[in-house]
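Residue-level listing of the chains:
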Amino acid sequence: MLTGGVAKGQDGDAKLVGELMAFHASAAIVSAMTSHCYETTGLDTAYEQANDNWYLRNVGFLDLADRVIERLGGGTPGQLESAETYGGAQIMAAYNQAGDKEGFCRNFLAEVEGGAMDIDKQLSGPLKKAQEIASQ
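Note that the structure is a prediction, hence the values are computed from the model and not measured.

What counts and how
- Residues numbered from 1 in each chain as written.
- Predicted model: local features only at pLDDT ≥ 70, side-chain atom pairs only at ≥ 80, totals over all residues.
- Heavy atoms only, no water.
- Axes fitted to C-alpha atoms, helices over the stretch in contact; angles between N-to-C directions.
- Helix = DSSP H or I, 4+ residues; strand = E, 2+ residues; numbered from the N terminus.
- Parallel < 35°, antiparallel > 145°, perpendicular 65-115°, else oblique.
- Contact = heavy atoms within 4.5 Å.
- Nonpolar A, V, L, I, M, F, W, Y, C, P; charged D, E, K, R; others polar.
- Phe/Tyr/Trp six-rings, centres within 6.5 Å; stacked < 30°, edge-to-face > 60°.
- Lys NZ or Arg CZ within 6 Å of the ring centre and 35° of its normal.
- Buried < 20%, exposed > 50% of the residue type's maximum accessible area, 1.4 Å probe, protein only.
- Lys, Arg positive; Asp, Glu negative; His and termini not counted.
- Salt bridge = Lys/Arg side-chain N within 4 Å of Asp/Glu carboxyl O.
- Polar contact = N/O pair within 3.5 Å; in protein donor to acceptor, adjacent residues only side chain to side chain.
- Left-handed = near helix turned anticlockwise from the far one by under 90°.
- Core = buried A, V, L, I, M, F, W, Y, C linked by side-chain atoms within 4.5 Å.
- pLDDT = per-residue confidence, 0-100.

## Quick notes on the packing of helix α3 (residues 79–97) against helix α4 (residues 101–114)
Between α3 and α4, the least distance of the axes is 8 Å, while the angle of their chain directions is 135 degrees. In this view, α3 runs oblique relative to α4, as classed from their interaxial angle. Contacts between α3 and α4 involve I91, A94, Y95, N96 and Q97 from the former and K101, F104, C105 and F108 from the latter. Looking at side-chain class alone, the contact of α3 with α4 contains six nonpolar, two polar and one charged residues.

## A word on the packing of aromatic side chains
By the definition in use, this model includes one aromatic pair. Above the plane of the ring of Y95 lies K101, whose end atom (NZ or CZ) is 5.4 Å from the centre.

## Remarks on the side chain of D66
Mapped onto the secondary structure, D66 falls in helix α2 (residues 45–71). Although buried, D66 forms no salt bridge, and the nearest oppositely charged side chain, R67, lies 8.1 Å from it. A polar contact is formed between the side chain of D66 and the side chain of H24, at a distance of 2.6 Å.

## A short note on the packing of α2 against α4
Direction vectors running N to C along α2 and α4 enclose 30 degrees, while the axes themselves pass 9 Å from each other. When the axis of α2 is compared with that of α4, the two are roughly parallel. Judged by the twist between their axes, the crossing of α2 over α4 is left-handed. Between α2, through A46, Y47, A50, W54 and R57, and α4, the contact on the second element is made entirely by C105, R106, L109, V112 and E113.

## Remarks on the nonpolar core
By size, the foremost hydrophobic cluster in this structure holds 38 residues, and its most contacted members are L20, F23, W54 and F108. Mapped by element, the contributors of at least two residues to this core are α1 (11–40), α2, α3, α4 and α6 (124–134). Aside from chain neighbours lying at most four places away, what touches F108 is I29, V30, M33, T34, I91 and M117.

## Examining the pattern of salt bridges
As enumerated under the stated definition, the model contains five salt bridges in all. For K15, the salt bridge is made with E19, and the minimal N-O distance between the two is 3.3 Å. Taken together, the residues K15 and E19, both in helix α1 and four residues apart, mark about one turn of the helix. The residue R106 makes a salt bridge to E102 at a minimum N-O spacing of 2.9 Å. One end of the pair, R106, and the other, E102, are both in helix α4, four residues apart, so they sit about a helical turn from each other. On the basis of relative accessibility, which here comes to 52%, the residue E102 falls in the exposed class. Each of K15, E19 and K129 takes part in a single network of salt bridges with overlapping partners.

## A short note on the confidence of the model for the chain
When pLDDT is averaged along the chain, the result is 90; 92% of the residues meet or exceed 70. In the model of the chain, α1 stands out as the element of lowest mean pLDDT, 92, in contrast to helix α5 (residues 119–122), which has the highest, 97. A low-confidence stretch, residues 1–9 stays under pLDDT 50, and its non-local contacts, those more than four residues away or across chains, total 27 contacts.

Below you can see the structure in the form of structure tokens.
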């Protein structure tokens, strides 16, 4: 899965692969924060449901990213894990800096449920490029 490497001289492809890895970082953000907020809000199942619904809305985009990454030669070793770790770390840093943790979780839940965290909203440029490549 997502192995191999982008050939030298294909800087545009390497850049797009990195942008498509951000799809997985988005998934990690939603997963990490909905799990964390679920635990810190007294096991409010709305967070689990929001995560499940986000995944259902975005699984096609994640699959598309993976197919296009492979078509472009694959990612570098550890690139997927790095993207996921980065996404999770970024959202946890934002949470840790929030003065009102419960408010942060409520706002995050609203963004996830409302679709603001969906890949087609957050990463529309790379998504369009991936769709163009996949349709060729």
